Structure formats: C-alpha cells, structure tokens
Amino acid sequence: MTPYTPVLKAAYFTLGCKLNFAETSTIGKMLSEKGVIRAAVGETPDICIVNTCSVTEMADKKGRRLIRSLASRYPEASIIVTGCYAQLKPQEVAQLPGVDIVLGSDEKLRMADYIDAWMADRKKRVEVTPSLSITSFRPSCERGDRTRYFLKVQDGCDYFCTYCTIPFARGRSRSGTTPELVDMARRVAAEGGKEIVITGVNIGEYGKDNGQSLFDLLRRLDEVEGVERFRISSIEPNLLTEEIIRWTAEEARAFMPHFHIPLQSGSDTVLKLMNRRYDTSLFSSRIDAIRDLMPDAFIGVDIIAGARGAGIYRCRHHCRRPW
C-alpha cells in the first residue's frame, strides 16, 4: 500500500456491538498500513472514523449526537461514517455537519480506497450497496486497544425478527471458511494473544451459505496451541445444539463455560409476535442442559421490555377492547 502524503492522524469511534468493535480494529489496522497514525489523547485528528449502530432509534440518536460533537470539536477534520446507521439512512447521515464520506456495511472494510479517492478530489461520497444485494464476507480478527481478540466468523442474518433492523443493515447471512478462520487464530497465538471472542451477527448460522459447520469450526479452533481461552459472544437458543453444550463441558480444551443466549421474552405469545424461532420450552431445555453438565457456567440472557404490539394483542385476547 502507498502511504498517504501528508501523513494523517485518525481518531476512531465505535457504537454498538462487539462485531462493530472488531471491524473498527480491522479498519484501524488497514489504515495504519497506509501510514495513518492513531491520534493520541489531546491531539487533533485529521479524520474521524465513526462506526455506528442502528439497533434502536436511540442508537441513531447517539450516532447523530456523536457526529455533531466531533464536527464542533474538530471543525477542520473530515468525518467518515460507516456502520448500520450509515447503511440504513445514508442520505440523513450525509447531511450531518462535517461528514465527507458515508460507507455502507459492504464498503466499510474498503475504507482506504474511498479515502484515496476523496483525497484526490475532495468530493463528498456516499457509497452504500443495498443490504439484500450484499454477498461478500470479510473475516477479521483484531483487538484494537483491548486485551481480547475478536474473531469475526459470520455476518448478516436471515431471521427477520419483527423488531430487528439487522438483516436490512447487514444483509443476508454470510460466513468465512474454517481454514481461514483457524489461520487467523494461529496468528493471534503467534502474536502472544491469549483470548479470542467468537463474534458475528447470528453465529449459529455459521456455514449456512458455504457448507461449513459451526461445530467443526469450534473444534478446530480449540486445537490452536497458544490460545488459552475462547468465548462465544452470543448464540440463538435454537442454534445452540446439545452437541455443542456437551462438547464444551466434556471435551473442549480452551472454550470457556460461558453462554450468552438471547431470550427476548418469557412469553410464548410475544415470542411468536416477534417472529422468534423457539419457544420458552426450548429455551429452558438449553439452560437445563448447561446447568446439568456445567453447574458453574456463566449464562447471559437478553430481554426486550415492552415489545411493540404485545400489549395490544393481550388486551384484544383477554378483554376484547383496544389498549
């Protein structure tokens, strides 16, 4: 890569999930190979890179607030916005003060190319591939300024839950291949990394698009010498198989007894309204299996309070009048 002239200083800002943090770290590494220096605390950056979230309207609001703040603090800096908010509402983002480049989900890991083009003509760019047309997958494994590495094994989602924007923000489910992901884990070990968090949008769908197997990937990663701990960041209860649970308990060398399993609601009626692909009985069976085999396992659970439409459904069902 040809370094930028003059040398640029960049500040990085990430909102949202672990996957966003992993991708921001990858962007930072790619730009550092072009000679971009990370701005130190107190320094004025030449470019501000904002990786946004859009899981809720509040997430959009936080993104707008951050971008306006950066434009005020660094009026001479160029602001590059990517991530889910940029994917879903690119024209809205482009109108925010200081924004010079808006990149969608498929463009974010080619940011260096867009910075090259912008430096040549200084024209504002809005580059967004329609979500359902995204077919490419770019794996990453970085830690940024953290101690854990984040290995991106999957992106996108095919579930289309009624409350969720992610399939529209990140596209359909796509996966990396087991050999390339295992090779990334080996490079982490060579760098002295001790812990890797397996990340993705819907990790349980890993391999759906390319014939790979999540269970096989986990077993292959577990064989990587030098990495002492692996964790799965989050996995749907219907995709967390009893095979994976039993293997973690009885055979795995480095996979921690750590499970983050989204429940979202304890009501089967609400789960159906949400278009979730399990019921409370299945969820309970997974928790029971973990506790039977690993009594001391850590189990994290997501809950959504006040799901839209749930209250109306209950009132119509029970008292026959609108709420």
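Everything quoted here is computed from the prediction, not taken from an experiment.

**Student:** Help me understand the sheet that holds strand 12 (residues 229–232) in this model?
**Tutor:** Strand pairing in a sheet relies on backbone hydrogen bonds, with the paired strands running either antiparallel or parallel. In space, the four strands of this open sheet follow the order 7-8-11-12, with mixed pairing throughout. The open sheet has two edge strands with one neighbour each: strand 7 (140–142) and strand 12. Strand-to-strand twist of the sheet, defined as the mean angle between neighbouring strand axes without regard to direction, takes the value 20°. Both strand 7 and strand 8 (residues 149–152) contribute to a ladder of three bridges, which runs antiparallel. Bridging across to strand 8, serine 140 finds its partner in lysine 152. In this fold helix 1 (residues 18–32) packs onto strand 7, strand 8 and strand 11 (195–199), with an angle of close to 85° to the strand it touches most, strand 7.

**Student:** I would appreciate a short explanation of the side chain of threonine 24 in the present structure.
**Tutor:** Inspection of the secondary structure puts threonine 24 in helix 1. With relative accessibility at 7%, the residue threonine 24 sits in the buried group. Those residues within four positions of threonine 24 in sequence are excluded, and the remaining contacts are Tyr12, Thr14 and Asn51.

**Student:** Explain the layout of surface pockets here, please?
**Tutor:** It is the rolling of a water-molecule-sized probe over the atoms that shows where space remains empty. In this structure, the largest pocket encloses a volume near 1300 Å³. Around the largest pocket sit 46 residues that line it, and Val55, Tyr163, Cys164, Ile166 and Gln264 are the ones nearest its centre. Those elements giving two or more residues to the lining of the largest pocket turn out to be helix 1, helix 2 (57–73), helix 6 (166–170), strand 13 (258–264) and strand 14 (298–303). Residues belonging to the lining of the largest pocket are distributed by class as follows: 23 nonpolar, 15 polar and eight charged. Its volume calculated, the second largest pocket comes out at about 440 Å³. Taken together, 24 residues line the second largest pocket, and the ones lying closest to its centre are Ser25, Thr26, Lys29, Cys141 and Glu142. For the lining of the second largest pocket, the secondary-structure elements that each account for two or more residues are helix 1, strand 2 (37–38), strand 7 and helix 7 (178–190). By residue number, the principal contributor to the lining of the second largest pocket is helix 1, which donates six residues. For the lining of the second largest pocket, the residue count by class is 10 nonpolar, six polar and eight charged.

**Student:** Sorry if this is basic, but what is going on with the packing of aromatic side chains here?
**Tutor:** We describe a pair of aromatic rings using the distance from one ring centre to the other and the angle between the two ring planes. Tallied over the full model, the rule gives four aromatic pairs. Relative to phenylalanine 168, the ring of phenylalanine 160 has its centre 5.4 Å away and its plane inclined at 75°; by these criteria the two rings are edge-to-face. Centre to centre, the rings of phenylalanine 230 and phenylalanine 255 are 4.9 Å apart; their planes meet at 15°, and the pair counts as stacked. Separated by 25 residues along the polypeptide, phenylalanine 230 in strand 12 and phenylalanine 255 in the loop between helix 9 (242–250) and strand 13 bring together distant segments of the chain. Here phenylalanine 230 and phenylalanine 255 have matching classes, each one buried. Taken together, the ring pairs connect Phe215, Phe230, Trp247 and Phe255 into an aromatic cluster. Looking at arginine 122, its charged tip hangs above the ring of tryptophan 118, at a distance of 4.2 Å from the centre. The ring of tyrosine 159 has arginine 277 sitting right over it, with the charged end atom 4.0 Å from the ring centre.

**Student:** Got a minute to help me understand the pairing of strand 5 (residues 99–103) in this structure?
**Tutor:** Regular strands place their side chains on alternate faces of the sheet. For strand 5, a buried count of four out of five residues is recorded, marking the element as mostly surrounded by other parts of the structure. Of the strand pairs in this sheet, strand 4 (residues 78–83) and strand 5 are connected by three bridges, and their pairing is parallel. Within the sheet, the bridge partner assigned to isoleucine 80 lies in strand 5 and is isoleucine 101. Taken together, the three bridges between strand 5 and strand 6 (residues 125–127) define a ladder with parallel strand orientation. The partner of leucine 103 across the bridge, within strand 6, is glutamate 127. Read from strand 5 through helix 5 (residues 111–121) to strand 6, the crossover connection turns out left-handed.

**Student:** I tried to follow the confidence of the model for the protein on my own but got confused; where do I start?
**Tutor:** Interpretation of the predicted coordinates at a detailed level should be avoided for regions scoring low in pLDDT. This prediction gives the protein a mean pLDDT of 91; 93% of its residues lie at or above 70. Within the model, the stretch residues 312–323 combines pLDDT values under 50 with 11 contacts to residues more than four positions away or in other chains.

**Student:** Just to check I follow, could you spell out the environment of glycine 98 for this structure?
**Tutor:** Counting through the fold element by element, glycine 98 comes out in the loop between helix 4 (90–94) and strand 5. On the basis of relative accessibility, which here comes to 36%, the residue glycine 98 falls in the partly exposed class. Between the C-alpha atoms of glycine 98 and lysine 152, which are 54 residues apart in sequence, the distance is 30 Å. With near-sequence residues (within four places) excluded, glycine 98 lies in contact with Ala71, Ala77, Ser78 and Ile79.

Cut-offs and rules
Residues numbered from 1 in each chain as written. Predicted model: local features only at pLDDT ≥ 70, side-chain atom pairs only at ≥ 80, totals over all residues. Heavy atoms only, no water. Pairing = 2+ DSSP bridges. Helix = DSSP H or I, 4+ residues; strand = E, 2+ residues; numbered from the N terminus. Axes fitted to C-alpha atoms, helices over the stretch in contact; angles between N-to-C directions. Contact = heavy atoms within 4.5 Å. Buried < 20%, exposed > 50% of the residue type's maximum accessible area, 1.4 Å probe, protein only. 1 Å grid on protein atoms, 1.4 Å probe; cavity = no way out; pocket = protein on both sides within 12 Å on 5 of 7 lines; lining within 4 Å. Points joined across faces, edges and corners; volume = space filled by probe spheres on them. Nonpolar A, V, L, I, M, F, W, Y, C, P; charged D, E, K, R; others polar. Phe/Tyr/Trp six-rings, centres within 6.5 Å; stacked < 30°, edge-to-face > 60°. Lys NZ or Arg CZ within 6 Å of the ring centre and 35° of its normal. Right-handed = clockwise from strand over helix to strand, strands pointing away. pLDDT = per-residue confidence, 0-100.

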